[in-house]
Amino acid sequence: MKKHNFSAGPCILPQEVFQKASQAVLNLDDSGLSILEISHRSKAFVEIMEKAQDLALEHLKLPKEEYQILFLQGGASMQFIMSAFNLMQTKAAYLDTGSWSAKAIKEAKLLGEVNVLASSKDKNYNYIPKNFQVPTDVDYFHCTSNNTIFGTQIKDFPKANVPVVCDMSSDIFSREIDFSYFDVIYAGAQKNMGPAGATLVAVKKSCLGKVDRKIPSMLDYQVHCGKDSMFNTPPVFPVYVSMLTLEWLKEQGGVKAIEAKNKMKADAMYLEIDRNPLFTGFAEKEDRSDMNATFNLKDEALKSKFESLLVEAGVNGLNGHRSVGGYRASMYNALPFESVQVVIEAMQELEKNA
Ligand SMILES: *Cc1c(COP(=O)(O)O)cnc(C)c1O
């Protein structure tokens, strides 16, 4: 039986994508070749790469003349240092909203001065700081749009007169925002776009080439842009599966349509968390993530009872991250509404029998 998969990442992808991807492993578009054995320079793969890049730009509503899409390796974690390598001359401003932000800050400090504008670490990152201003004397401002571990999400991005870099790993393509506000967007594929192994970077070409430092080729956005993401062998299969997911998203009506579905899932989940007397939400209400809902049992004694209800219902991956504990419902684009209903029913079942 197919499980209801709430895994935080790698995570659920559309069932149709799994089907198409498995077919392509055996025989890509009736070519007599597997997607796993073709050259990245082949016409078939060059077309796949171009299609993935075009679909990404289309979904983000970014103009092709200004932005370039790269599919790189090394995960979002590589982007912590790579973005700094390309944009940090002397000083950058960071917003600290969780473990991933903190890791980005640690890496950036290797290359220059880091001004941490605000942090929510004082409350185990259960909110998004708001009383801060982005200074004008920094090379860029870095933020994390969705805090996968703590379940908070930036709803309003601050005014910034400097380039903005955003780690959008866990909510890219999930909601409509003005993506042209950002100069560099990066996202590990494995949360909302594809399998692990590819990292999407959307980069505004005009913000590059402004630092004096020598940049290693593999960390240089301009090198990858110049070779159209083919400087070295790209992650062929993850790019292919990402392309399939972006196609699926288009068939669903695009980001706007998926946002409405995501909103319905998140609203239903939070409604139950707030209504059910056995549970309590972790994040501040106004900062709650539509992707990852974090919550706890008020009485730990009910833990094993609740978890056996989840197992019975075929729910996978609802356990929270070790730094928060409790539960985390990751409701990425491909998660159907009925999976959320299944968890809500388990919560209600627990209430009835408690
Ligand atoms: C998962 C995640 C990362 C780490 O991604 P890797 O691809 O494992 O390096 C970074 N930032 C955020 C917001 C994430 O959710």
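Each chain carries its own residue numbering, running from 1 in the direction its sequence is written. Given that the model is predicted, a residue must reach a pLDDT of at least 70 before its local features are reported, and side-chain atom pairs must reach 80 or more before they are shown or counted; all residues, however, enter totals for whole chains, interfaces and linings. No hydrogens and no water enter the side-chain calculation; it runs on all heavy atoms of the structure.

## Focus: the environment of N262
Among the structural elements, N262 can be located in helix α7 (residues 254-275). Sequence separation between N262 and R175 is 87 residues, and the spatial gap between their C-alpha atoms is 8.2 Å. Throughout, a contact is declared for two residues whenever any of their heavy atoms are within 4.5 Å. In this structure N262 touches S174, D290, M291, M331, Y332 and N333, once residues within four positions along its chain are discounted. Definition of a polar contact: a pair of N or O atoms within 3.5 Å, with one able to donate and the other able to accept a hydrogen when the atoms are protein atoms, and with sequence-neighbouring residues admitted only if both atoms are side-chain atoms. Within the local environment of N262, its side chain forms a polar contact with the backbone oxygen of S174, the two atoms lying 3.2 Å apart. A run of H or I in DSSP becomes a helix once it reaches four residues, and a run of E becomes a strand once it reaches two; helices and strands are each numbered from the N terminus.

## Quick notes on the pattern of salt bridges
Definition used for salt bridges: Asp or Glu carboxyl oxygen within 4 Å of a side-chain nitrogen of Lys or Arg. Across all of its chains, the model carries 16 salt bridges by this definition. With a closest N to O distance of 2.9 Å, K64 and D54 form a salt bridge. Of this pair, K64 sits in the loop between α2 (43-60) and β2 (67-72) while D54 sits in helix α2, and the two are ten residues apart along the sequence. Overall, the relative accessible area of 34% leaves D54 in the partly exposed class. K130 is paired through a salt bridge with D287; the nearest N and O atoms lie 2.9 Å apart. Accessibility here uses a 1.4 Å probe with only protein chains present; expressed as a share of the type maximum, an area under 20% marks a residue as buried, one over 50% as exposed, and anything in between as partly exposed.

## With respect to the side chain of N147
Considering the arrangement of structural elements, one finds N147 in strand β6 (residues 146-147). Of the residues examined, N147 reaches a relative accessible area of 3% and is grouped as buried. A distance of 2.8 Å separates the side chain of N147 from the side chain of T97, its partner in a polar contact. Those residues in contact with N147 that lie beyond four places of it in its chain are T97, G98, S101, I128 and T152.

Honestly, it's all geometry; don't read function into it.
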